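As a plain string of letters, each chain reads:
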Amino acid sequence: MYRCSSITYYILIPFKEAQVQTAQQTPKHYGITSPISLAQPKEADLVLTRKLTETLRPFGVFEEELELQRRILVLGKLNTLVKVWIREVSEVKNIPASVIDNVGGKIFTFGSYRLGVHTKGADIDALCVVPRHVERSDFFSSFYEKLKEQEEVKDLRAVEEAFVPVIKLSFDGIEIDILFARLALQAIPENLDLRDDGLLKNLDIRCIRSLNGCRVTDEILHLVPNIENFRLTLRAIKMWAKRHNIYSNILGFLGGVSWAMLVARTCQLYPNAVASTLVHKFFLVFSKEWPNPVLLKQPEDCNLNLPVWDPRVTPSDRYHLMPIITPAYPQQNSTYNVSASTRAIMVEEFKRGLAITDEILQNKADWSKLFEAPNFFQKYKHYIVLLASAQAEKQHLEWVGLVESKIRILVGNLEKNEFITLAHVNPQSFPGPKEGTDKEEFSTMWVIGIVFKKMEGSENLNVDLTFDIQTFTDTVYRQAISSKMFEQDMKITAMHVKRKQLQQLLPKMTIQRNKRKLSSDGVRAMNEGSLDLSVDSDNSMSVPSPTGHSAAKVARHDQLIITLYSLSYSHTSQFSVLTESLRNTSQTMSNLYCFNKISILSSTTAFNIDKKSYVLQKNSNADLSDVPILPTNPIAVVKNSIKLRLSR
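Every value quoted in this text rests on a predicted model; they were computed, and no experiment measured them.

**Student:** So what's going on with the overall build of the chain? Which residues, and what values?
**Tutor:** A count of helical and extended segments in the chain gives 18 helices and 14 strands. Counting only residues that meet the buried cut, the chain has 52% of its 648 residues in that class. For the chain, the exposed surface amounts to about 31400 Å²; the carbon and sulfur share of it is 51%.

And the structure:
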């Protein structure tokens, strides 16, 4: 039946033909809204997609078939090992033989490997699912011991007290993280679908968290119209995000699952589009105003009383800046860490990506332009350099992990400063400067770009960042102490540097790489070098340590500043010795630092020490309200003071 104005026409159509037309007119619906376009790809779109694939290939985002088969073999061995272990545990617990024969157990995968977008050398996220009579303590005891017996297993370690408990290992050279989930089932069938919400009944919260990764990944794959188009688009977007320093959930940008959900939503809106079109539409859709939430499906309530993202019920959810909601129950916001600065940075990159893909679709540019890395170390005039150090390598790894997980707090503090517009932390970390002493120390450095507000009618601007920095460091120290990982040689220091002075702190290869525009030689050099941007990880990436006289000089100067801050008022006799040493390096390095709470070049015996630049001692009378409580043998806490005078 067709309508035209007020006239109604009835057209008789054979029954079978009517069925075919109805099927064509009502394609399967994906997402919470109707698609924006159902347009089929043109030949030009297919050509651009082939060019995109060829552009991505040198970055190492596609794994060779031989390597993929090796992963499948390793997972098969691990799956068999799990089944054998569960049978052994069942026998020890006197489970009936009839049950043991069908007890099952299975290894599931999630993350980039499950999505089919893992890169060369990427690790595998796995989940060990067991029946109800196998307990978590068995997983971290007998299964751990069984893994230890395998000659292919190296670097085995258990993190039982983590938010999501995990066993980490290298199996035949492949890094694997194994989570644990115990279901309320007598046996685990081979065809188990973890998307079944009923499986969550009667589970403890740790098992629900462990299941969440698999459930979200499986839902994403079921909610996209064409998996191959989704995968190629996601590979491109992930590489773009890493190249543009906005790939890190822990630092307030987006992690792997968030990027996957944004690409999946784009696929829902353009279900027939190929990857070249989807990349362009991705930037078109997400360069618009946030914080409209991104959902892949309507949230469902399973009446299990688990906390879910719902701004109607939870007031704090209303303040999330860039909500991207996971599609599996219990629905959560995967971008909880996003701040005003990181959102502004990402939206700016989305808009730049849209402009570049516009040019690509008009044949005015190649895909390589999209993956050109911006020069972070030339982008800003002012930077904060954050340094975390410890004397033992194992302690340093733990310390760096804690400090990095809290850097977003520092970014939030800087955002609240009335003189700061934006704080941009580079997700890539670097080895800290080597000290000029024989004492071994491990250090890691992060760089934060700062944009100051333009103040009208003011020739000079005095900015004090001391409180912002110190609030952050105190939070980290408190966390380290409460988690019983604190050691006396663990330190955090912060310094202000200007753009031209970064080269004295960073590896030369880093500065050169950021100066060089992407070319075929540049891509090849990057892939052959030590920094591989294709690695699937939300963690910071490391580069070779800087060497040379300048870096050592910076470190010595930094250590002298730290020592000055670590002395108490009663040790004034030691200041003269330190000052003389400091004066020898101040001529060349003083511009690197703005520690104005100590007049380091004062000719007087009495130093101008701010009242808050105190050190904890057993008999100290200082106000300790804003510093963490330290262990029995107190140490000097480094107080970072940064004051700037900006000229107009």
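**Student:** Before we move on, could you go through the packing of aromatic side chains and cite the residues and values that matter?
**Tutor:** Tallying each qualifying case throughout the model produces 22 aromatic pairs. Centroid distance Phe59 to Phe371: 5.8 Å. Interplanar angle 55 degrees. Geometry classified as tilted. Note that Phe59 is positioned in the loop between helix H2 (43–56) and helix H3 (65–92) and Phe371 in the loop between helix H11 (340–361) and helix H12 (376–379), a separation of 312 residues in sequence. Side by side, Phe59 and Phe371 carry an identical accessibility label, which is buried. The interplanar angle of 85 degrees and the centroid separation of 5.4 Å between the aromatic rings of Phe282 and Phe283 together place this pair among those described as edge-to-face. The exposure class of Phe283 is buried, given its relative accessible area of 0%. Site record: aromatic cluster; members linked through ring pairs are Trp240, Trp259, Phe282, Phe283, Phe286, Trp290 and Phe350. Arg57 extends its terminal NZ or CZ atom over the ring of Phe62, reaching a point 5.1 Å from the ring centre.

**Student:** Please provide a residue-by-residue account of the nonpolar core, values included.
**Tutor:** Counting residues in hydrophobic clusters, the biggest one holds 109 residues, and the most contacted among them are Phe230, Trp240, Trp259, Phe350, Trp399 and Val403. With residues near it in sequence (within four places) discarded, Phe350 still touches Trp240, Trp259, Phe282, Phe283, Phe286, Ser287, Trp290 and Met322. Counting residues in each nonpolar core, the second largest holds 30 residues, with Ile86, Ile124, Val130 and Phe143 among its members.

**Student:** Give a detailed account of the UniProt feature "binding site: Mg(2+) 1" (unreviewed entry) in the chain, specifying residues and quantitative values.
**Tutor:** The sites that UniProt annotates as "binding site: Mg(2+) 1" (unreviewed entry) are Asp123 and Asp125. Mapped onto the fold, Asp123 is located in the loop between helix H5 (111–115) and strand E4 (124–130). Relative to the helices and strands, Asp125 is located in strand E4. Excluding residues that lie within four positions of it along the chain, Asp125 makes contacts with Phe108, Thr109, Phe110, Gly111 and Asp177.

**Student:** Please give an account of the pattern of salt bridges that cites residues and values.
**Tutor:** For the coordinates displayed, the defined rule picks out 25 salt bridges. The partner of Arg87 in a salt bridge is Asp101, with the nearest N and O atoms 3.9 Å apart. Placement of the pair is Arg87 in helix H3 and Asp101 in the loop between helix H4 (97–100) and strand E3 (106–110), with a sequence separation of 14 residues. Residue class for Arg87 comes out partly exposed when judged on its relative accessible area of 32%. Judged by relative accessible area, Asp101 falls into the exposed class, the value being 55%. The structure contains a network of salt bridges with shared partners spanning Glu348, Glu349, Arg352 and Lys379.

**Student:** Hey, could you go over the packing of H2 against helix H8 (residues 227–243) for me, with residue numbers and the actual values?
**Tutor:** Pairs of packed helices are described in terms of their axes, by the angle between the two and the distance that separates them. Put simply, H2 and H8 touch, their axes get as near as 11 Å, and they point 50 degrees apart. The orientation of H2 with respect to H8, classified from their angle, is oblique. In the crossing of H2 with H8, the sense of the turn from one axis to the other is left-handed. Of H8, the residues touching H2 (which contributes Thr49, Leu52, Thr53 and Leu56) are Leu232, Ala236 and Met239. The residue inventory of the contact of H2 with H8, partitioned by class, reads five nonpolar, two polar and no charged.

**Student:** Tell me about unusual backbone geometry, residues and numbers included.
**Tutor:** In the segment running from Tyr329 into Pro330, the intervening peptide bond is cis, with an omega of -5 degrees. Among the structural elements, Pro330 can be located in the loop between helix H10 (275–286) and H11. Positive phi is not limited to glycine here, since Asn363 has a value of about 60 degrees. Assignment of secondary structure puts Asn363 in the loop between H11 and H12.

**Student:** An account of the confidence of the model for the chain is requested, with residue identities and associated values reported.
**Tutor:** The predicted model of the chain has a mean per-residue pLDDT of 77, with 73% of residues at 70 or higher. This model gives residues 516–638 a pLDDT under 50, and the stretch forms 241 contacts once residues within four places in sequence are excluded.

**Student:** Any details on a positive patch on the surface? Residues and values, ideally.
**Tutor:** Together, Lys381, Lys498, Arg499 and Lys500 make up a positively charged patch on the protein surface. Here Arg499 shows up in the loop between strand E13 (491–498) and helix H15 (508–515). By relative accessible area, which is 33% here, Arg499 ends up partly exposed.

**Student:** Break down the sheet that holds strand E7 (residues 174–182) for me, with residues and values.
**Tutor:** Reading across the sheet, the five strands line up as E3-E4-E7-E6-E5 and stay open at both edges, with mixed pairing between neighbours. Each having just a single partner strand, E3 and strand E5 (153–159) make up the two edges of the open sheet. When the angles between neighbouring strand axes are averaged without regard to direction, this sheet yields 25 degrees. The sheet strands contacting helix H6 (residues 136–149) are E4, E5, strand E6 (166–171) and E7, and the helix crosses E5 at an angle near 165 degrees.

About the thresholds
Residues numbered from 1 in each chain as written. Predicted model: local features only at pLDDT ≥ 70, side-chain atom pairs only at ≥ 80, totals over all residues. Heavy atoms only, no water. Helix = DSSP H or I, 4+ residues; strand = E, 2+ residues; numbered from the N terminus. Buried < 20%, exposed > 50% of the residue type's maximum accessible area, 1.4 Å probe, protein only. Areas by Shrake-Rupley, 256 points an atom, 1.4 Å probe, with all protein chains shown as cover. Phe/Tyr/Trp six-rings, centres within 6.5 Å; stacked < 30°, edge-to-face > 60°. Lys NZ or Arg CZ within 6 Å of the ring centre and 35° of its normal. Core = buried A, V, L, I, M, F, W, Y, C linked by side-chain atoms within 4.5 Å. Contact = heavy atoms within 4.5 Å. UniProt positions renumbered as here; feature names shortened; annotations may be inferred. Salt bridge = Lys/Arg side-chain N within 4 Å of Asp/Glu carboxyl O. Axes fitted to C-alpha atoms, helices over the stretch in contact; angles between N-to-C directions. Parallel < 35°, antiparallel > 145°, perpendicular 65-115°, else oblique. Left-handed = near helix turned anticlockwise from the far one by under 90°. Nonpolar A, V, L, I, M, F, W, Y, C, P; charged D, E, K, R; others polar. pLDDT = per-residue confidence, 0-100. Patch = residues over 30% accessible without salt bridge, like charges linked within 9 Å, V, L, I, M, F, W, Y side chains within 5 Å. Lys, Arg positive; Asp, Glu negative; His and termini not counted. Charge placed at Lys NZ, Arg CZ, Asp CG, Glu CD. Pairing = 2+ DSSP bridges.

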